[in-house]
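Each chain, letter by letter, is given below.
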Amino acid sequence: MTTTPLTQNIRPGREPLSLKEYEAAGGYQALRKAIKELSPTDVQTMVKDARLLGRGGAGFPTGLKWSFVPMGPDAPRPKYLLCNADEMEPGTFKDRLLIEGDPHQLVEGMIVASYAIQADVAFIFLRAQYDRGAERLRRAIAEAYSAGYLGKNILGTGFCLELQMHESAGRYICGEETALLNSLEGRRAIPRTKPPFPPVVGLWGKPTVVQNVETICNVPHIVNGGVSWYRALSRCEDGGTKIYGVSGKVNRPGAWELPLGGVTVRQLIEERAGGMRDGLKCRGVLPGGASTDFLVEQHFDTPMDFKSVAKAGSRLGTGTMIVLDDQTCPVGMVLNLTHFFATESCGWCTPCREGLPYMENMLRAIEEGRGEERDLAALEEHCRWLGPGMTFCPLAPGAVEPVQSALKYFRDDFERHVREKRCPWR
Amino acid sequence: MLTETERREIEHEVQTLGHRRAACVEALKIVQAHRVWVDDEGLRDAAAAVGLTTAEMDNVATFYNGVFRRRIGRHAILVCESVSCFVCGCEKLFEHLKKRLAIDAGQTTADGRFTLVPICCLGCCDRGPAMVIGKDLHTDLTPEKVDLILERYS
Ligand SMILES: Cc1cc2nc3c(=O)[nH]c(=O)nc-3n(C[C@H](O)[C@H](O)[C@H](O)COP(=O)(O)O)c2cc1C
Ligand code: SF4
Ligand code: FES
């Protein structure tokens, strides 16, 4: 069997597989097997035993999340499955690959996942500007309906599922799962208080599971290949493959499906991305998107799995790394990141709404040569005030991760800006 | 007043979604698709069509960065200003666009052709700098390439 299940059907630069072609490649077999031979609980157990961790950034065990959903005849109805295709985290472009490259894989994954939690309605929440993906998904959904994989009485089993797509009007916070619920209900996308957690009280107050695109795409392969095959795909205790990406000034930026934990930071840059461009040097990376702590040279032999990256002081996040080269100003880069988070703050809670613009201003002052020594301490203090547990949702704690680690690893660069009253890179 | 087409399209969304207010973002997008931006009258009528007050609708409309509540040009140029594109030089590209179009961020050219909008990550960070015009994604941009691309939009 393949070692790259998620991308096996993806043909770069060409149209994705049609329904017929996808079926010929073994598609919708997982749906048949799940719905005809397995009970919903069987599928839940398989996903749990496969050790599939969420690929949207937090790495929460998928099977465990599903086990919180009320099951049986007394469960509140309708239940919902939501696919989080908001992918707006700067530096992240992996879900685009899966959506555009193999839309039927996502549709099949959604039907199997819906079956496992006995959802009645499923939504794909697609970010704005993914027009090509939207078009391809729309076609795949229509094909799946006409083949009887969606709608009433799927494959004659009595299982019913409606699948719809919502194209967002754009705002990073929509990707936070409870903000996503509000957005789908036609409200401002502001996060909700947890608990209650969405698997119990979610969309319109009903049980709702929110899952990342890549996570859902794994589900049919677990059902097809079985738990031990799936776990053997990885090089760590958690299962499966991962879509890794590299962007920045490397020779071949891109995304690759590799065993989870089967590649180090250095290997990704050197072997996959073809090394640094024109004699540049890599000074550090954000391993998993904009809201992860920098890793530097001393960490470059860290395998890219959830545990190892956490041990190195960062997060695997989305697995798409951004490379900082030695011709790019680290202060400028962190200013750029903080500008993004300050702009995208939903404004609901005070520390984030007021704190992030304040940090942005301080960083801009430093970058423009107006900074003072004490600003560095003030920035560090803000990183703590906006850290985990201090704000209503994880946006602000994510925002301070690159700042706090830059202050640690690129201290000299900050100090030079202050001392020389200018940006040494400009 | 909403046109017959706008009304029909909004009602279709309401029916598909099963909850009237859930269609509010769709309704705004429909109005914008027909009018380029969401004017006050369009906002009011779209609000009524999904059972919201005008204030509630504006509350939603001003939240999402894809809803234009001010008049824009025939084409919005959405230029990614996020981190990967920053590393790859999007600031220079943005400066070039400003000079070439003789406008600042958020402004519209005198001939009403373009509005320049900095935007966050477009999800093609491996091919930055990047921008979107209408439904077209343009990647691996250089100032020369941008000049040629702009010629295609009238
Ligand atoms: C500000 C913010 C933005 C997020 N954006 C996304 C996103 O675009 N896509 C995504 O899958 N998860 C995103 N998440 C994580 C979700 O809240 C949620 O954990 C995830 O969708 C769960 O799916 P998973 O378990 O399959 O990863 C975001 C979280 C935060 C705090
Ligand atoms: S942390 Fe920021 S994004 Fe999250 S709820 Fe508070 S203001 Fe909104
Ligand atoms: S950072 Fe520009 S497309 Fe992602």
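Up top you'll find the structure we're talking about.
Because the structure is a prediction, the values reported are computed rather than measured.

Rules used throughout
Residues numbered from 1 in each chain as written. Chains lettered and ligands numbered in written order. Predicted model: local features only at pLDDT ≥ 70, side-chain atom pairs only at ≥ 80, totals over all residues. Heavy atoms only, no water. Helix = DSSP H or I, 4+ residues; strand = E, 2+ residues; numbered from the N terminus. Rg over C-alpha atoms; globule rule 2.2 N^0.38 Å. Buried < 20%, exposed > 50% of the residue type's maximum accessible area, 1.4 Å probe, protein only. Contact = heavy atoms within 4.5 Å. Areas by Shrake-Rupley, 256 points an atom, 1.4 Å probe, with all protein chains shown as cover. Lys, Arg positive; Asp, Glu negative; His and termini not counted. Charge placed at Lys NZ, Arg CZ, Asp CG, Glu CD. Buried area = accessible area lost by both parts, 1.4 Å probe. Salt bridge = Lys/Arg side-chain N within 4 Å of Asp/Glu carboxyl O. Polar contact = N/O pair within 3.5 Å; in protein donor to acceptor, adjacent residues only side chain to side chain. Nonpolar A, V, L, I, M, F, W, Y, C, P; charged D, E, K, R; others polar.

Moving on to the overall build of chain A. A tally of regular secondary structure across chain A gives 17 helices and nine strands. Relative to the compact-globule value of 22 Å for 426 residues, chain A shows a C-alpha radius of gyration of 22 Å, a close match. When its C-alpha atoms are laid out on the principal axes, chain A stretches across 75 × 45 × 35 Å. Relative to its 426 residues, chain A shows a buried fraction of 63%. Partitioning the contacts of chain A with sequence separation of at least 6, the portion at a separation of at least 24 is 70%. If you sum the accessible surface of chain A, you get close to 15500 Å²; carbon and sulfur atoms cover 50% of it. Charge separation in chain A, taken as the distance between the mean sites of 51 positive and 51 negative side-chain charges, equals 2 Å.

We now examine the interface of chain A and chain B. The extent of an interface is frequently quoted as the accessible surface area lost upon association of the parts. In this complex, chain A contributes 51 residues to the contact, which on the side of chain B involves 39 residues. The junction of chain A with chain B conceals about 3500 Å² of combined surface from both sides, 56% of it contributed by carbon and sulfur atoms. When the buried surface of chain A facing chain B is broken down by residue, Gln129(A), Ala169(A) and Arg188(A) rank first, second and third, together holding 17% of it. Summed over the shared surface of chain A and chain B, the result is two salt bridges. Here Glu91(B) ties to Arg426(A) by a salt bridge, and the two come within 3.7 Å at their closest N and O atoms. For the pair chain A and chain B, the number of links is 19 residue pairs in polar contact (both at pLDDT 80 or more). Only strand S3 (162–167), helix H8 (177–184), strand S5 (241–247), strand S9 (320–325) and helix H13 (330–344) of chain A provide two or more residues apiece to the side of chain A that touches chain B. Take the side of chain A that touches chain B: its biggest share by element is seven residues, from H13(A). Split into classes, the residues belonging to the side of chain A that touches chain B amount to 21 nonpolar, 16 polar and 14 charged.

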